[in-house]
Amino acid sequence: MNTSNLARLLKVSRATRPLPGPDGGLAFASNFDGHQKTFYLDRPEGTPRLLADSGDRTLPHAWTDLGLLVRHDRGGSEIWQLSTVEPDGSLRALTKDLRAVHQSVTLHPDRRHVGLGWNAGGGRDVSLGELDLLTNELTVWATPGDYWSWEDWSRDGMRAVVNKVFGSWTEPHILERDGTITRLLPDARRVSEIRWTASGMFMLTDAGDRDFMGLAEVDPERPEVVKRWLVDEERDVEGYTVDHAGRRALVVVNQGVCDDLRIVELTSGETTDHLNWKGGLVLSDITGPPSYHLSWSHDDRSVFASWEQPTHPAEVYEWPSDRRWTHISDDGEFMELIKPVETTYTSFDGLEIHCLLYRRDSSPRPAVVQFHGGPEGQSRGQYVPIVHLLTGIGVNVLLPNVRGSTGYGFRFQSLDDRTLRWDAVRDGCEAARHLRRTGQATKTAAMGGSYGGFMTLAVLVEDPELWDAGVDIVGIADWHTFFKNMPPWRGVIRKREYGDPDGAESEFLRQISPIHAAHTIRAPLLIVHGRNDPRVPVQESELIADKAPNAEIIVFDDEGHGVVKLGNQVTANTRILAFLGEHLLGQGPR
């Protein structure tokens, strides 16, 4: 890889959230101009024109009878506000509570109202109700306590289906306007992406003690059982989107590294088409799951997806024409990049751990073990720029899906819950030992973001002699301060997975907090965080930077959970590359 390609790969631009317009054009979001803004294309491969920019992250959300609805936040705070785009391109604010997160915004059948959840004043409990897009009036249907999302409207617009969320566990209900709720699928651990169509009520679920998420239909008059399964396989359904007529669904099935996309008839359950897109997946990012990056055209003749490959950032494609609408990135910049290979290793207790390995050849080289976030996450065929930067300078990268990762069934996903947490950390150390034992790695570094940042810190204290460097990006250092300093509504979501810092797991969470063993870390440590992070408070990084020997910290005042603005990406990736080059390859300061 030449120097000019390395320079271009320091930042990454994507086309996300495709939203076909009523006139045949396409709205989408992209950060190619610095931060995420909403753009519009009149035709495939045309020149994008700016449609909406709040001054910070601005995403197209829905076409309404009153114009395009967008959501936006400030500095990565994820305190989402709502506006509509005026004919002159200005934004008309719809929400007034600047401390509340306005989430799960769903268009009413009349296209002049939306259902949503919001936490008034930034508080702990979420209210469920509707927003009038003309008058800006916000009407509460219920405030049942804890965290809830609005899933969909009934076809007559008189009822809704909503979800109580505890991390990956959920409790779905039918909600009446008077606040009455009726439980759906009480035996299911997980239910998500509920769609109430003219054909029926559909959802992703593991009802019946299934190990994987399937696509099911439920009769609202018999809400306690699954009526029938449309997709029920030994793979997770990652997401789906239903056409406007409620007759067909575009379904995304996790096939490991890549996705399988298929068209399913909702009345018969028959798969009628497969999208012949290979070697990639539908984008999933901090703004939304795969279903958020899928859309049907207004006439239901086409589907659009933000499609990403391991060697190319996401662009928007259309099926069945297989047309590419966006050219955010120059394809020539990615010609030399390495594709991952799937591999496995055996952990300390005999559990098989699946991984992706990026390497140029079979020669022994320094290696980075990169941990994904979540922990309900999975390293798959995403485009990860730092991976290609590292392979470009001669460093291999292994991405292990340690126990607790998604994609391998609910039982595997549960193997790190609460007091089992440290077993996943031991998996992480075994990844580096495997590389060294098999002669693939001459040196090893740990790196990860969010929960992957915790994993990085945890493996550094579990086996300090094993690691030559560490890069912690927005990671958790102390589980008690993590819960204490996060927004109150987020604590409700995370306690089932991590444990209660004020309850039975309090002492265990103290024991596994890397901050209490930070003095044992031997490896040089680089720490990166955003000042406005609502998921992992910046204090976590400040704490570990103060306690760990030989630590360096970079804080971006205009970022949240991760680094998304192009200028900041260049700064962060340049420093990470130089840091790892120094400690793994012996390169001098850049």
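Scroll up to find the structure this text is about.
One structure accompanies this document, and this report is about it. All values derive from a computational prediction rather than experimental measurement. (Residues numbered from 1 in each chain as written. Predicted model: local features only at pLDDT ≥ 70, side-chain atom pairs only at ≥ 80, totals over all residues. Heavy atoms only, no water.)

## Points about the overall build of the protein
Within the protein one finds 10 helices and 37 strands. In terms of overall size, the protein behaves like a compact globule, its C-alpha atoms giving a radius of gyration of 23 Å where 590 residues would be expected to give roughly 25 Å. Seen along its three principal axes, the alpha-carbon backbone of the protein occupies a region of about 65 × 55 × 45 Å. Looking at the 590 residues of the protein, the share that counts as buried comes to 62%. Of the contacts formed within the protein by residues at least 6 apart in sequence, a portion of 53% connects residues at least 24 apart. Put simply, the protein shows about 21600 Å² of open surface, and 47% of that area lies on carbon and sulfur atoms. Each charge class in the protein was averaged separately, 63 positive and 85 negative side chains, and the resulting centres sit 2 Å apart. (Helix = DSSP H or I, 4+ residues; strand = E, 2+ residues; numbered from the N terminus. Rg over C-alpha atoms; globule rule 2.2 N^0.38 Å. Buried < 20%, exposed > 50% of the residue type's maximum accessible area, 1.4 Å probe, protein only. Contact = heavy atoms within 4.5 Å. Areas by Shrake-Rupley, 256 points an atom, 1.4 Å probe, with all protein chains shown as cover. Lys, Arg positive; Asp, Glu negative; His and termini not counted. Charge placed at Lys NZ, Arg CZ, Asp CG, Glu CD.)

## A short note on the sheet that holds strand 3 (residues 37–41)
Taking strand neighbours across the sheet as the criterion, the 4 strands line up as 1-2-3-4 in an open arrangement whose pairing is antiparallel. Among the strands making up the open sheet, the edge pair consists of strand 1 (15–20) and strand 4 (49–52). Taken over all neighbouring pairs, the strand axes of this sheet differ in orientation by 35° on average, direction set aside. Where strand 1 and strand 2 (residues 26–30) come together, 4 bridges link them in antiparallel fashion. The partner of alanine 15 across the bridge, within strand 2, is serine 30. (Pairing = 2+ DSSP bridges. Axes fitted to C-alpha atoms, helices over the stretch in contact; angles between N-to-C directions.)

## Some remarks on the nonpolar core
In terms of nonpolar packing, the biggest core is built from 48 residues, with Phe454, Met455, Trp467, Trp479, Phe482 and Ile544 touching the most fellow members. Residue assignment for this core shows that the elements contributing at least two residues are strand 31 (352–358), strand 32 (365–371), helix 4 (421–437), strand 34 (441–449), helix 5 (451–462), helix 6 (479–485), helix 8 (506–511) and strand 36 (525–530). Top element by residues in this core is helix 5. It accounts for 8 residues. Non-local contacts of phenylalanine 454, meaning those with residues more than four positions away in its chain, are made with Arg421, Trp422, Val425, Gly475, Ile476, Trp479, Ile512 and Pro514. Residues Val257, Val395, Ala469 and Phe556 belong to the second largest nonpolar core, which totals 35 residues. (Core = buried A, V, L, I, M, F, W, Y, C linked by side-chain atoms within 4.5 Å.)

## Some thoughts on the packing of aromatic side chains
Centre distance and the angle of the planes are the two values used to describe a pair of aromatic rings. What the rule picks out here adds up to 20 aromatic pairs. Sitting above the plane of the tryptophan 80 ring, arginine 71 keeps its charged end 4.3 Å from the centroid. In this structure, arginine 426 is placed above the aromatic ring of phenylalanine 348, and the distance from its NZ or CZ to the ring centre is 3.7 Å. (Phe/Tyr/Trp six-rings, centres within 6.5 Å; stacked < 30°, edge-to-face > 60°. Lys NZ or Arg CZ within 6 Å of the ring centre and 35° of its normal.)

## Focus: the side chain of threonine 241
Relative to the assigned elements, threonine 241 resides in strand 21 (residues 237–242). Look past the residues within four positions of threonine 241 in its chain and what remains in contact with it is Arg248, Ala249, Leu250, Leu294, Ser295 and Trp296.

## Some remarks on helix 5
Helical geometry note: an α-helix holds 3.6 residues per turn, so side chains three or four residues apart project in the same direction. The end-to-end C-alpha distance of helix 5, which contains 12 residues, comes to 16 Å, matching closely the 16 Å that a straight helix rising 1.5 Å per residue would cover. Summarising burial for helix 5: 11 of the 12 residues are buried, a large majority. The set of residues buried in helix 5 consists of Tyr451, Gly452, Gly453, Phe454, Met455, Thr456, Leu457, Ala458, Val459, Leu460 and Val461. (Expected span 1.5 Å × (residues − 1).)

## With respect to the environment of methionine 201
With respect to the helices and strands, the residue methionine 201 is situated in strand 18 (residues 200–205). With 19 residues separating them along the chain, methionine 201 and proline 220 place their C-alpha atoms 7.0 Å apart. Discounting residues that sit within four places of it in the chain, methionine 201 has contacts with Val161, Ile174, Leu184, Ile194, Arg195, Trp196, Ala216, Glu217, Val218 and Pro220.

## Some details on the pattern of salt bridges
Scanning all chains against the criterion turns up 47 salt bridges. As a salt-bridge pair, lysine 37 and aspartate 33 come within 2.8 Å of each other at their nearest N and O atoms. Take lysine 37: its relative accessible area is 8%, and that puts it in the buried class. Between aspartate 463 and arginine 433 there is a salt bridge, and its shortest N-O distance comes to 2.9 Å. Here aspartate 463 is found in the loop between helix 5 and strand 35 (469–473), whereas its partner arginine 433 is found in helix 4, with 30 residues between them in sequence. For arginine 433, a relative accessible area of 26% puts it in the partly exposed group. Bridged by salt links that share partners, the residues Arg189, Arg190, Asp206, Asp209, Asp211 and Arg411 form one connected network. (Salt bridge = Lys/Arg side-chain N within 4 Å of Asp/Glu carboxyl O.)

## Re unusual backbone geometry
Backbone torsion omega between tryptophan 319 and proline 320 reads 15°, so that peptide bond is classified as cis. Within the secondary structure, proline 320 sits in the loop between strand 28 (312–319) and strand 29 (323–324). Here glycine 374 and proline 375 are connected by a cis peptide whose omega angle stands at 10°. Its identity as a non-glycine residue notwithstanding, glutamate 45 has a phi of 65°, on the positive side. Inspection of the secondary structure puts glutamate 45 in the loop between strand 3 and strand 4. With phi around 65°, serine 450 is a residue other than glycine that occupies positive phi space.

## Here we look at the packing of helix 4 against helix 5
As a packed pair, helix 4 and helix 5 sit with axes 9 Å apart at the nearest point and diverge in direction by 75°. For the element pair helix 4 / helix 5, the angle class is roughly perpendicular. Here Arg421, Trp422, Ala424, Val425, Arg426, Gly428 and Cys429 of helix 4 lie close against helix 5, whose contacting residues are Tyr451, Phe454, Met455, Ala458, Val459, Val461 and Glu462. Of the residues in the contact of helix 4 with helix 5, the class split is 10 nonpolar, 1 polar and 3 charged. (Parallel < 35°, antiparallel > 145°, perpendicular 65-115°, else oblique. Nonpolar A, V, L, I, M, F, W, Y, C, P; charged D, E, K, R; others polar.)

## Here's the deal with the pairing of strand 31
Successive side chains on a regular strand alternate, one facing one side of the sheet and the next facing the other. For strand 31, a buried count of 5 out of 7 residues is recorded, marking the element as mostly surrounded by other parts of the structure. Sheet topology places strand 30 (residues 341–346) next to strand 31; 6 bridges connect them, and they run antiparallel. From the neighbouring strand, threonine 343 faces strand 31, where its bridge partner is cysteine 355. Where strand 31 meets strand 33 (residues 396–401), 5 bridges bridge the pair, whose relative direction is antiparallel. Looking at the pairing, cysteine 355 lines up with proline 400 of strand 33.

Everything listed here is a matter of geometry and, on its own, says nothing about what the molecule does.
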